[in-house]
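Residues per chain are reported as follows:
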Amino acid sequence: MTKTLILCDCLGSQTINADAVSEGCGLPCSKVYSSLCMDQIDQATAEIAKGDVIVACQQERQHFEELAQELDVETPGFVDIRDRAGWGEGDPTAKMAALAAEAALSVQVGKSVDVVSEGTCLIIGGEPALQAAAELCDTLAVTVLLSHPDDVPTDRRFDCVVGSVRNASGALGGFTVKLDKLQQVVTGGRGAFALSDPVNGAASDCDIILDLTGDKPMFPAPEKREGYLRADPAHAPSVARAVLAASQMVGTFEKPLYVRMEPSLCAHSRAEKPACSNCLNVCPTGAITSAGEHVAIDPMVCAGCGSCSAVCPSGAISYDAPPVETVFRRLSTLASTYRNAGGQTPRLLVHDADFGAEAIALSARFGRGLPADVVPLEVDALSGFGHAEMAAALACGFSHVDMLASPKSDLEVIAAQAALATALAGTSNAVDVLQPTDPDTLEAALYTEVNAPIHCDPILPLGARRQVTRLATKALQPDADILPLPDGAPYGAVVVDTDACTLCLSCVSLCPSGALGDNPDMPQLRFQEDACLQCGLCTNICPEKAITLQPQMDLTDAAFTQRVIHEEEPFACIECGSLFGVKSTVERITEKLAGNHAMFATSEAAKMIQMCDNCRIQAQYHSTDNPFQGGERPRVRTTEDYLSKRRDH
């Protein structure tokens, strides 16, 4: 059933052409109301009661959701065409249509697991920790870890121990803390409590950790570790906020499973030789660890920043909340609808749901708002919007991409991905990373005209990230053959020093993607560029250090075929003539060992180097000085032997 778009011009503060919007997005529209959330609430009730509607207002979302609940109808969808289009400069019709079409898309809900917190809380610190424990002890099961025995109070509403933290792991509902010099309170007796003997290596489990030490955080990216609350003990408001947050962490919570892992595709290592470690290098929380030939992701620690999926060369890690194909579909819908509604050369503004959304709303309400040609795209993980998504946006029809970074964004990852997308687009200003300090600086950046906007025949971005990247690049640079790319790009070739390479083929045996291959009939090293991940395993495994990586993208069909990058003449066995090995290698070994090694001291023994496996075994067996030679093999005893022996007796 087609959804209906309910329009409101918010007391006439924006101009809405309902017919043009409807024609552009393909959705039937209501008449344009002026005060649906106030004077026209009865009309809003009637529209929502019909079901299957999208309300063009985000500000009063809660109000309309409650109304739908009272009417016992399906909760409507929502789209903000006011802050993101109507309260801007220029004709917003094409952008309104694009935003409405995007809102009508069905988005796959990400997977999640339930996390149970029973309220077991470990508070670490001194006097502020004791005060926090006194406030929380009626709500949580509190234990205070103190560093000095003299700080132990007589208050028994909560437990106290003395010791120090060696390390901690886990997240909300599943922390494990290792303690040294642990002393527990002996509750009997008069005067100050006595303490048990110190114990090292003690382990304790808890659901929540409240760190009021003011020292170095216990975890990397502590603000992203769910269940770990940290505050400056000297700043009372911060402590109060942390205490309040801790009191709310009891019950069952949904933990999104942000990323999906396919171990078979991972190019982390082979045969204990290191290769790709991109995800390990960018994960801010330490959720990713090495697990042999692939990496492992702790979903309870993962904060969903998306950096790992952006830098993964093989697609072993992919963002799954929502899946990447949803992002491609949103990009295609926004760009195509904008064009269908009469817009030209739209620009894309990618932002997060917190900092970016607030900056846009403030600019719209108190400033100039967004330009009519700037189409905003809200994503859950800004760092996860990598080069593939940027290139796809440009190839879908956007003339420029702006990444609106927040103070908490991983700028290093975003900047590297933007540089790679810029190289793929073939122009220096395809992607910009914006770091505005306020709405005014955001407006200044967006209202600056883009030099040489990109134009290309739009694509339909279908397939995996690598496939979409190649498709987008061919659309952006249709006449290009081989594009040089920045160092660290996941696309490229291997360059072989043919003078150093001995064709040992160790690189072939360990290549995780099958980009390197051999020829069972000839001493050849083959390479298929489209499959190469630039993981570096071949450079690490090569005993002669004959392989180097060359980041590039070959846009010709040759990238899909195996080509010979090194070959030599095979050696013919001196006994049977069958081909084996590499001629130069056999000759070099013969030169080094013949007459110089005890095993090949004689000319007959040296000839074995130049024999195939079968002939070498035969020659070794029949040689007179065979070190493995034994006496004459005894005759096999038969039944007749046993019977004749019995007759003799």
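In the block above lies the structure referred to throughout.
The structure presented is a predicted model; accordingly, all values stated were derived computationally and were not measured.

As a further point, take the layout of surface pockets. Within this model, the largest pocket holds a volume of roughly 1400 Å³. Lining the largest pocket are 50 residues, and of these Q58, E102, V107, R330 and E378 lie nearest its centre. Listed by contribution, the elements that provide at least two residues to the lining of the largest pocket are β3 (53–55), α3 (61–71), β4 (77–78), α4 (82–86), α5 (93–103), α10 (324–340), α11 (355–366) and β22 (374–378). Class assignment of the residues belonging to the lining of the largest pocket gives a composition of 26 nonpolar, eight polar and 16 charged. In this model, the second largest pocket occupies a volume close to 800 Å³.

The next point concerns a negative patch on the surface. Where like charges cluster on the molecular surface, the negative patch consists of D354, E358, E378 and D380. Mapped onto the secondary structure, E378 falls in strand β22. Relative accessible area serves as the criterion here: at 32%, E378 is assigned to the partly exposed category.

Turning to the pairing of strand β32 (residues 579–582), a few remarks are in order. In terms of strand pairing, strand β31 (residues 570–572) meets β32 through three bridges, oriented antiparallel. If you follow A572 over to β32, its bridge partner there is L579. Counting the residues that bridge the hairpin from β31 to β32 gives six residues, and of these G577 lies at a positive phi of roughly 85°.

It is worth spelling out the packing of aromatic side chains at this point. Under the counting rule described, the total for this entry stands at four aromatic pairs. Relative to F580, the ring of F571 has its centre 5.7 Å away and its plane inclined at 85°; by these criteria the two rings are edge-to-face. Each member of the aromatic cluster is reached from another via a ring pair, and the members are F175, F219 and Y228. The residue whose ring lies beneath R156 is F193, and the NZ or CZ to ring-centre distance is 5.9 Å. For R368, the ring lying beneath its charged end belongs to Y447, and the centroid distance is 3.7 Å.

Turning to the sheet that holds strand β28 (residues 522–527), a few remarks are in order. As summarised here, the arrangement of the three strands in space is β27-β28-β30, forming an open sheet in which the pairing is antiparallel. In this open sheet, the two edge strands, each paired with only one partner strand, are β27 (516–519) and β30 (563–567). Each strand axis lies, on average, 35° off the axis of its neighbour in the sheet, ignoring direction. Here β28 runs beside β30; their pairing, made up of four bridges, is antiparallel.

Strand order in the open sheet formed by three strands is β25-β29-β26, and the pairing between neighbours is antiparallel. The sheet terminates laterally at β25 (482–484) and β26 (492–496), the two strands that pair on one side only. Neighbour to neighbour, the strand axes of the sheet diverge by 50° on average, direction disregarded. In this structure, β25 lies alongside strand β29 (residues 547–554), joined through three bridges in antiparallel fashion. Residue pairing in the sheet places I482 in a bridge with D554 of β29.

The tally for this structure, following the rule as stated, stands at 16 salt bridges. The shortest N-O distance in the salt bridge between D52 and K3 comes to 3.0 Å. Here K3 lies in the segment before β1 (4–8) and D52 lies in the loop between α2 (41–49) and β3, a separation of 49 residues in the sequence. On the basis of relative accessibility, which here comes to 26%, the residue K3 falls in the partly exposed class. Note that D320 and R260 form a salt bridge whose closest N and O atoms lie 3.7 Å from each other. Of this pair, D320 sits in the loop between β20 (317–319) and α10 while R260 sits in strand β15 (residues 259–261), and the two are 60 residues apart along the sequence. Residue classification places D320 among the buried residues on the basis of a relative accessible area of 7%.

Quick notes on the rules
- One numbering rule holds for all chains: residues counted from 1, following each sequence as written.
- Local features are withheld for residues below a pLDDT of 70 in this predicted model, meaning they are given only at 70 or higher, and side-chain atom pairs are given and counted only at 80 or more; totals for whole chains, interfaces and linings count all residues.
- The side-chain values count all of the structure's non-hydrogen atoms but skip hydrogen atoms and water molecules.
- Space inside and on the surface of the protein is sampled on a 1 Å grid over the protein atoms alone, with a cavity defined as a set of points where a 1.4 Å probe fits but cannot get out and a pocket as an open set with protein on both sides within 12 Å along at least 5 of 7 lines; lining residues have an atom within 4 Å of a point.
- Grid points are joined across faces, edges and corners, and a volume is the space filled by probe spheres set on the points.
- Strands are runs of DSSP state E lasting at least 2 residues, helices are runs of H or I lasting at least 4, and numbering of each runs from the N terminus.
- For this classification, the nonpolar set comprises Ala, Val, Leu, Ile, Met, Phe, Trp, Tyr, Cys and Pro, the charged set comprises Asp, Glu, Lys and Arg, and every other residue, Gly included, is treated as polar.
- Like charges are joined within 9 Å and nonpolar side chains (Val, Leu, Ile, Met, Phe, Trp, Tyr) within 5 Å, but only among residues with over 30% relative accessible area and no salt bridge; these make up the patches.
- Methods summary: accessible areas were calculated by the Shrake-Rupley approach with a probe of 1.4 Å, and residue burial reflects only the protein chains presented.
- By definition here, a salt bridge exists when the distance from a side-chain nitrogen of Lys or Arg to a carboxyl oxygen of Asp or Glu is within 4 Å.
- We score Asp and Glu as negative and Lys and Arg as positive, and we do not count His or the chain ends.
- One atom stands in for each charge, and that atom is NZ of Lys, CZ of Arg, CG of Asp or CD of Glu.
- Classification of residues uses two cut-offs on accessible area relative to the type maximum, computed with a 1.4 Å probe and protein chains only: under 20% is buried, over 50% is exposed, and between them is partly exposed.
- Here the rule is simple: two strands pair whenever DSSP picks up at least two bridges between them.
- For Phe, Tyr and Trp, where Trp contributes only its six-membered ring, two rings pair if their centres lie within 6.5 Å, and the inter-plane angle classes them as stacked under 30 degrees, edge-to-face over 60, or tilted in between.
- Note on criteria: charge over ring means Lys NZ or Arg CZ within 6 Å of the ring centre, with the direction from the centre no more than 35 degrees off the ring normal.
- Structural elements are reduced to axes, namely lines fitted to C-alpha atoms, with helices fitted over the stretch in contact, and the angle between N-to-C directions of any two is expressed from 0 to 180 degrees.

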